[in-house]
Amino acid sequence: MSRLLVIGCGGVAQVAIQKCCQNSDVFTELCIASRTKSKCDALKEKLNGKTSTIVTTAQVDADNVEEVKALISSYKPDAVLNVALPYQDLTIMDACLACKVHYIDTANYEPENTDDPKWREVYEKRCKELGFSAYFDYSWQWAYDEKFKEAGLTALLGTGFDPGVTSVFTAYAKKHYFDEIHTIDILDCNGGDHGYAFATNFNPEVNLREVSAPGSYWEDGHWVEVPAMSIKREYDFPQVGKKDMYLLHHEEIEALARNIKGVKRIRFFMTFGQSYLTHMKCLENVGMLSTTPIDFNGQQIVPIQFLKALLPDPASLGPRTVGKTNIGCIFTGVKDGKEKTIMIYNVCDHQECYKELGSQAISYTTGVPAMIGTALVASGVWNKTGALTTDEFDPDPYMEMLNKFGLPWIVDENPVTVE
Ligand code: NDP
């Protein structure tokens with residue numbers, strides 16, 4: 001029924017593509033295109049004989065709009081799923097607009113070079129005006145809203161787990177459980193153990209930039225920013241157990257604060273073990289998380305990119321990661337004049353994911369929703385035009401597909417709340 005172009009072939013892409021190939025009724029043809037074509041060819045080989053989706057591969061540098069346009073023009077997909085890096089969001093959106101195809105991604109835009117003076121000027125203005133200083137924000141992609149509307153196209157922004165499913169959970173809670181939502185706490189717990197002293201579960205550069213940034217939350221109509229890792233809570237996660245979690249800035253807060261009328265507070269917490277935090281602090285203190293190039297023996301090196309080359313490839317963690325993730329949201333609000341609290345969450349087992357697709361649960365919990373969002377757009381079930389986040393659509397078909405494609409969810413109507 002539809003032809004899909006997937007850009008990127010890393011940890012998340014490998015899951016999203018395999019899941020698309022389990023859904024051949026929607027995805028009849030699929031092209032895997034990435035910077036390193038050999039990875040696309042290896043995945044095509046792995047899928048051989050296991051799917052009726054017709055899979056092809058291509059090489060593309062998605063930093064180059066003209067290259068992406070040429071690929072879209074020759075392959076003629078109905079939609080493009082961007083599971084490369086957030087750095088490529090805008091170039092791929094430009095190419096989709098020019099070629100009139102739908103666009104889907106899992107993370108909002110941030111620049112690769114944070115020293116770029118043009119970007120920095122806009123960033124510093126935004127830090128002052130809005131009050132949070134993370135490198136990523138939605139303003140760059142929301143600026144495409146009118147253009148996508150005029151073209152009659154959908155740009156679905158952030159259909160991973162968080163952001164993505166967490167915003168669908170919010171839309172579902174609003175539709176079925178609340179007249180008004182007052183607080184949202186998003187809790188992301190990875191109870192998995194990969195046995196390394198230090199490794200990241202998805203792209204190290206993007207991950208370390210995110211977690212080393214100041215934390216922030218939305219309260220009473222404005223942002224409150226706090227030093228990185230300065231707000232800590234303990235939570236007893238169903239099927240995982242007690243874990244320390246820390247308040248982070250996270251992109252869905254921005255979209256939910258805009259779209260959920262009457263919301264008073266939105267926070268995001270992620271669990272980290274002590275070993276991860278100690279390593280990260282040390283790497284930060286010695287300058288290894290810096291995105292500013294340095295001169296080393298006559299060569300320009302970006303410290304965080306060099307670090308990425310040293311760390312285990314997140315896609316390789318699958319066989320050695322044991323334990324479970326528990327990601328979900330706690331909502332408080334009112335229904336029929338009465339106060340109400342619920343939690344919606346999913347538990348995912350690292351080894352089960354590995355058995356099914358050869359991936360760990362972080363790639364799995366991101367790749368499955370990437371496929372689901374893409375399927376809903378490609379099949380016209382989600383057909384609003386503009387640049388929109390997942391909370392802006394009917395959550396029911398998405399929730400059904402989560403159950404069907406490996407991420408079943410639970411509604412707890414009496415959860416423990418976070419202080
Ligand atoms: P990886 O680093 O494993 O994979 C990235 C892929 O993109 C690689 O195949 C890489 O190619 C390719 N790529 C990078 N630059 C380019 C380029 N210029 N042109 C073409 N291809 C390129 O990342 P992950 O799979 O871990 O993450 C993918 C995305 O998912 C990221 O945007 C990340 O932020 C997002 N994410 C979202 C989550 C959510 O819940 N919403 C959670 C986790 C991740 P090469 O092989 O040559 O390096």
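Computed from a predicted structure; not experimentally measured.

Student: Lay out the overall build of the protein chain in plain terms, naming residues and giving numbers.
Tutor: From N to C terminus, the protein chain includes 15 helices and 18 strands. Here the C-alpha atoms of the protein chain give a radius of gyration of 20 Å, agreeing with the 22 Å that 2.2 N^0.38 yields for 419 residues. Expressed as a percentage of its 419 residues, the buried residues of the protein chain come to 48%. Taking all contacts inside the protein chain whose residues are at least 6 apart in sequence as the whole, residues at least 24 apart take part in 74%.

Student: Outline the environment of His 249, supporting the account with residue identities and numerical values.
Tutor: By the secondary structure assignment, His 249 is in the loop between strand 11 (241-247) and helix 10 (251-259). Here His 249 falls in the buried class, since 24 other C-beta atoms lie within 10 Å of it. Sequence-wise, His 249 and Glu 225 are 24 residues apart; in three dimensions their C-alpha atoms are separated by 8.3 Å.

Student: Tell me about unusual backbone geometry, and name the residues and values.
Tutor: Of the consecutive residues Asp 162 and Pro 163, the connecting peptide bond is found in the cis state with omega at 10°. Checked against the element boundaries, Pro 163 lands in the loop between strand 6 (154-157) and helix 8 (165-176). For Lys 76, which is not glycine, the phi torsion reads 55° and is therefore positive. You can see Lys 76 is positioned in the loop between helix 3 (65-75) and strand 4 (79-82). According to the C-beta neighbour criterion, Lys 76 is exposed, with 12 such atoms within 10 Å. Located in the positive-phi region is Asn 297, a residue other than glycine, with phi close to 50°. With respect to the helices and strands, Asn 297 occurs in the loop between strand 13 (294-296) and strand 14 (299-301).

Student: Summarise helix 11 (residues 274-285); cite the residues concerned and give the values.
Tutor: When the terminal C-alpha atoms of helix 11 are compared, their 16 Å separation across 12 residues agrees well with the 16 Å that a helix rising 1.5 Å per residue should span. Of the residues flanking the end of helix 11, it is Gly 287, one or two places downstream, whose phi is positive at about 95°.

Student: Mind laying out the site of the ligand, listing which residues take part and the relevant values?
Tutor: Taken together, 34 residues lie around the ligand, and Gly 8, Gly 10, Val 12, Gly 160 and Phe 202 are the ones closest in. Looking at the shell around the ligand element by element, the count peaks at three residues for helix 1 (residues 11-22). A breakdown of the residues in the shell around the ligand according to their chemical character gives 17 nonpolar, 12 polar and five charged.

Student: Let's hear about the pairing of strand 6: which residues, and what values?
Tutor: Burial along strand 6 is two-sided: the face carrying Thr 154 and Leu 156 and the face carrying Ala 155 and Leu 157 are both buried. As judged from the two bridges shared by strand 5 (residues 102-105) and strand 6, these two strands associate in the parallel manner. Bridge pairing in strand 6 places Ile 104 opposite Leu 156. Here four bridges tie strand 6 to strand 17 (residues 386-389), and the two strands are oriented parallel to one another. Its bridge partner lying in strand 17, Leu 156 is registered against Leu 388.

Student: Talk me through the nonpolar core; I want residue IDs and the actual numbers.
Tutor: Most often, soluble globular proteins keep nonpolar side chains buried together rather than apart. Core analysis: the biggest nonpolar cluster contains 111 residues, and Val 6, Ile 7, Ala 16, Ile 32, Val 80 and Ala 155 have the highest contact counts within it. Looking at this core element by element, the count peaks at 11 residues for helix 14 (residues 361-378). Discounting residues that sit within four places of it in the chain, Ala 155 has contacts with Met 93, Tyr 103, Tyr 144, Phe 148, Ala 387 and Leu 388.

Student: Tell me what's going on with the sheet that holds strand 3 (residues 54-59), and back it up with residues and numbers.
Tutor: Within the open sheet, the seven strands sit side by side as 3-2-1-4-5-6-17. Their pairing is parallel. Of all strands in the sheet, those with a lone pairing partner are strand 3 and strand 17, marking the two edges. On average, each strand axis in the sheet is inclined to that of its neighbour by 20°, with strand direction left out of account. Bridging between strand 2 (residues 27-34) and strand 3 involves six bridges; their strand directions are parallel. Bridge pairing in strand 3 links Ala 33 to Ala 58. Relative to strand 5, helix 4 (residues 89-99) is tilted by about 160°, and along the sheet it contacts strand 1 (2-7), strand 4, strand 5 and strand 6.

Student: Describe the packing of helix 3 against helix 4, listing the residues and the values that go with them.
Tutor: Running from amino to carboxyl end, helix 3 crosses helix 4 at an angle of 45°, the nearest separation of the two axes being 9 Å. With respect to helix 4, the element helix 3 is oriented oblique. As for the relative orientation of helix 3 and helix 4, their crossing is right-handed in sense. Side by side, helix 3 and helix 4 meet where Val 65, Val 68, Lys 69, Ile 72 and Ser 73 of the first sit next to Thr 91, Ile 92, Asp 94, Ala 95, Ala 98 and Cys 99 of the second.

Student: Pulling in residues and values, what's your account of the pairing of strand 10 (residues 232-237)?
Tutor: In this sheet, strand 11 lies alongside strand 10 in antiparallel orientation, the contact comprising six bridges. Across the sheet, residue Tyr 235 finds its bridge partner in strand 11, namely Lys 243. Here strand 10 folds back onto strand 11 in antiparallel fashion, the turn holding three residues, of which Gln 239 has a positive phi close to 65°.

Student: Report on the environment of Cys 127, specifying residues and quantitative values.
Tutor: Counting through the fold element by element, Cys 127 comes out in helix 5 (residues 117-130). The class of Cys 127 is partly exposed, set by 15 C-beta atoms lying within 10 Å. C-alpha separation for the pair Cys 127 and Leu 71, spaced 56 residues apart in sequence, amounts to 37 Å.

Student: Please provide a residue-by-residue account of the packing of helix 8 against helix 15 (residues 395-404), values included.
Tutor: At a closest axis distance of 9 Å, the pairing of helix 8 and helix 15 adopts a crossing angle of 120°. Considering the angle they form, helix 8 stands oblique to helix 15. Helix-helix and strand crossings are classified by hand; for helix 8 and helix 15 the assignment is left-handed. Of the residues in helix 15, those in contact with Val 165, Val 168, Ala 171, Tyr 172 and Lys 175 of helix 8 are Pro 395, Tyr 398, Met 399 and Leu 402. The residue makeup of the contact of helix 8 with helix 15, split by class, is eight nonpolar, no polar and one charged.

Conventions used here
Residues numbered from 1 in each chain as written. Predicted model: local features only at pLDDT ≥ 70, side-chain atom pairs only at ≥ 80, totals over all residues. Helix = DSSP H or I, 4+ residues; strand = E, 2+ residues; numbered from the N terminus. Rg over C-alpha atoms; globule rule 2.2 N^0.38 Å. Buried ≥ 20, exposed ≤ 12 C-beta atoms within 10 Å, placed from the backbone. Contact = placed C-beta atoms within 7 Å. Expected span 1.5 Å × (residues − 1). Near = placed C-beta within 6 Å. Nonpolar A, V, L, I, M, F, W, Y, C, P; charged D, E, K, R; others polar. Pairing = 2+ DSSP bridges. Core = buried A, V, L, I, M, F, W, Y, C linked by C-beta atoms within 7 Å. Axes fitted to C-alpha atoms, helices over the stretch in contact; angles between N-to-C directions. Parallel < 35°, antiparallel > 145°, perpendicular 65-115°, else oblique. Left-handed = near helix turned anticlockwise from the far one by under 90°.

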